[in-house]
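Residue strings, one per chain:
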Amino acid sequence: MEDVDVDVELLISLVEERPVLWDKSLEAYKSKTETTAAWREVCNHLNPGFESMSDDAKNKYGKMISTKWTNIRDRYIKYLKKLEDEKKTGSKAKSIRKYIYSDNMSFLQKNTKRKETVSSAVEEEEHEEISRDIPTLSDPQPSTSTQGKGKRQKTLVTDIEKSIFKKLQEPEDRHVSFFKGILPSLQKFDDTETLEFQSGVIKIIQSIHRSRQTPKGPVSDGRCEGVEAAGVGKC
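Summary of the structure given here. Along each chain, residue indices are assigned from 1 in the same order as the chain's sequence is written. This being a predicted model, a pLDDT of at least 70 is required before a residue's local features are given, and a value of 80 or more before pairs of side-chain atoms are given or counted; all residues contribute to the totals for chains, interfaces and linings. Only hydrogens and water are set aside when side-chain values are computed; all heavy atoms of the structure are taken into account.

**A word on the nonpolar core**
Thought 1: Among the nonpolar cores identified, the biggest contains 34 residues, and L11, I65, W69 and M105 are the most heavily contacted of them.
Thought 2: Secondary structure is summarised from DSSP: a helix means a run of H or I of at least four residues, a strand means a run of E of at least two, and numbering begins at the N terminus for each. For this core, the elements supplying multiple residues, two or more each, are α1 (8-16), α2 (32-46) and α3 (55-89).
Thought 3: The biggest single contributor to this core is α3, with eleven residues.
Thought 4: Those residues in contact with I65 that sit more than four places away from it in its chain are V6, L11, W39, V42, C43 and L46. We call a set of buried Ala, Val, Leu, Ile, Met, Phe, Trp, Tyr and Cys residues a nonpolar core when their side-chain atoms join them within 4.5 Å. Classification of residues uses two cut-offs on accessible area relative to the type maximum, computed with a 1.4 Å probe and protein chains only: under 20% is buried, over 50% is exposed, and between them is partly exposed. Throughout, a contact is declared for two residues whenever any of their heavy atoms are within 4.5 Å.

Right under this line is the structure:
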């Protein structure tokens, strides 16, 4: 995308209104998600038709705007460095031409004041700009693959494999073994026969449960039973 005319003072004010783009004391300054969202807002203000652009056009426009801001900021920081150098040498600061957007950019001094010198701030800005990515301003897409996701999937698979291996090492339940043994015969049953088999198994289980719950009486003596059966009397 060719460079387009941008209202520089408007761009500066839009960035100033969004400290996430310049205030390093904020935790959000390190968040790519929040800075990208802020750049989208800036682009929407500068270009009302931004949202109707294609993804590729959005990214190119966003790159152009962020690069323009970087150039403006760097010129201002270097201007401050020149002023500092002049003070160190004792020269008159009047010999340095005032940066055209110096007043607009004064809010950035919040960053430089945290440094011992403006020079250190310049070096940090230059080093950081190399490492910071140009924001991708196309519509957010679902994340496809990341190293973290890959590691989690690999760990999950490993855990599942361990669980399966552990189960395979455990002795099989004898009841399971029994039903596995008669499975070939069961597979030959039709629906009616299968229901009849299942019903029979359930009845047997119920019968066993009832027999366990019925209290057992005293053990009978065989001789008494014979006496009672003969009608002689009771034992």
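Having put the structure on the table, let's press on.
**A word on the environment of S211**
Thought 1: Within the element layout of this structure, S211 appears in helix α8 (residues 191-213).
Thought 2: In this structure S211 comes out as partly exposed when scored by relative accessible area, which is 45%.
Thought 3: In protein, a polar contact requires one atom able to donate a hydrogen and another able to accept it; more generally it is a pair of N or O atoms within 3.5 Å, and residues adjacent in sequence count only if both atoms are side-chain atoms. A distance of 2.7 Å separates a polar side-chain atom of S211 from the backbone oxygen of I208.

**A closer look at the packing of aromatic side chains**
Thought 1: Whether two aromatic rings pair depends on their centres lying within 6.5 Å, for rings of Phe, Tyr and Trp, where Trp uses its six-membered ring; planes under 30 degrees apart make the pair stacked, over 60 edge-to-face, and the rest tilted. Across all of its chains, the model carries seven aromatic pairs by this definition.
Thought 2: For the pair W69 and F107, a centre-to-centre distance of 6.4 Å together with 10° between the ring planes defines the contact as stacked. A residue pair is termed long-range when its members are at least 10 positions apart, and W69 in helix α3 and F107 in the loop between α3 and α4 (109-112) qualify at 38 residues.
Thought 3: Judged by its relative accessible area of 10%, F107 is buried.

**Quick look at α2**
Thought 1: Under the convention used throughout, the expected extent of a helix is 1.5 Å for every residue step, that is, one less than its residue count. Here α2 spans 21 Å end to end across 15 residues, near enough to the 21 Å set by a 1.5 Å rise per residue.
Thought 2: Taken together, the buried positions of α2 are occupied by T35, T36, A38, W39, R40, V42, C43 and L46.
Thought 3: The inward-facing, buried residues of α2 contact α1 and α3.

**Structural notes on the packing of α2 against α3**
Thought 1: Throughout, an axis means a line fitted to C-alpha atoms (over the contacting stretch in the case of helices), and angles, computed between N-to-C directions, take values from 0 to 180 degrees. Between α2 and α3, the shortest axis-to-axis distance is 10 Å and the interhelical angle comes to 95°. One element, α2, and the other, α3, form an angle in the roughly perpendicular class. Mapping the contact onto sequence places W39, R40, V42, C43 and L46 in α2 and K58, Y61, G62, I65, S66 and W69 in α3. Here is the rule for angles: anything less than 35 degrees is roughly parallel, anything more than 145 is roughly antiparallel, 65 through 115 is roughly perpendicular, and the remaining ranges are oblique.

**What to know about the packing of α1 against α3**
Thought 1: Across the interface, α1 lies against α3 with an axial gap of 11 Å and an inter-helix angle of 90°. The pairing of α1 with α3 is recorded here as roughly perpendicular in orientation. Residues V8, L11, I12 and V15 of α1 touch α3, and the partners they reach there are I65, K68, W69 and I72.
Thought 2: When grouped by side-chain class, the residues that make up the contact of α1 with α3 number seven nonpolar, no polar and one charged. When residues are sorted by character, Ala, Val, Leu, Ile, Met, Phe, Trp, Tyr, Cys and Pro go into the nonpolar class, Asp, Glu, Lys and Arg into the charged class, and all the rest, Gly among them, into the polar class.

**Topic: the environment of S25**
Thought 1: Within the secondary structure layout, S25 lies in the loop between α1 and α2.
Thought 2: Separated by 86 residues in sequence, S25 and N111 place their C-alpha atoms 8.0 Å apart.
Thought 3: A polar contact of 2.6 Å, which involves the side chain of S25, links it to the side chain of D23.

**Observations regarding a negative patch on the surface**
Thought 1: Every patch collects residues that have over 30% relative accessible area and no salt bridge, joining them within 9 Å if they carry like charges and within 5 Å if they are nonpolar side chains (Val, Leu, Ile, Met, Phe, Trp, Tyr). Areas reported here follow the Shrake-Rupley algorithm with a probe of radius 1.4 Å; residue values treat only the protein chains shown as occluding. By salt bridge we mean one thing: a side-chain nitrogen of Lys or Arg within 4 Å of a carboxyl oxygen of Asp or Glu. Within this scheme the basic residues Lys and Arg register as positive and the acidic residues Asp and Glu register as negative, but His and the chain ends are omitted. Charge placement uses NZ in Lys and CZ in Arg. For Asp and Glu, CG and CD serve respectively. Together, D190, D191, E193 and E196 make up a region of like negative charge exposed at the surface.
Thought 2: Among the structural elements, E196 can be located in helix α8.

**Some remarks on the pattern of salt bridges**
Thought 1: One pass over the structure, following the stated rule, counts eight salt bridges.
Thought 2: One salt bridge in this structure joins E41 and R18, with 2.8 Å as the shortest N-O distance. One end of the pair, E41, is in helix α2; the other, R18, is in the loop between α1 and α2, and 23 residues separate them in sequence.
Thought 3: Residue classification places E41 among the partly exposed positions, given a relative accessible area of 39%.

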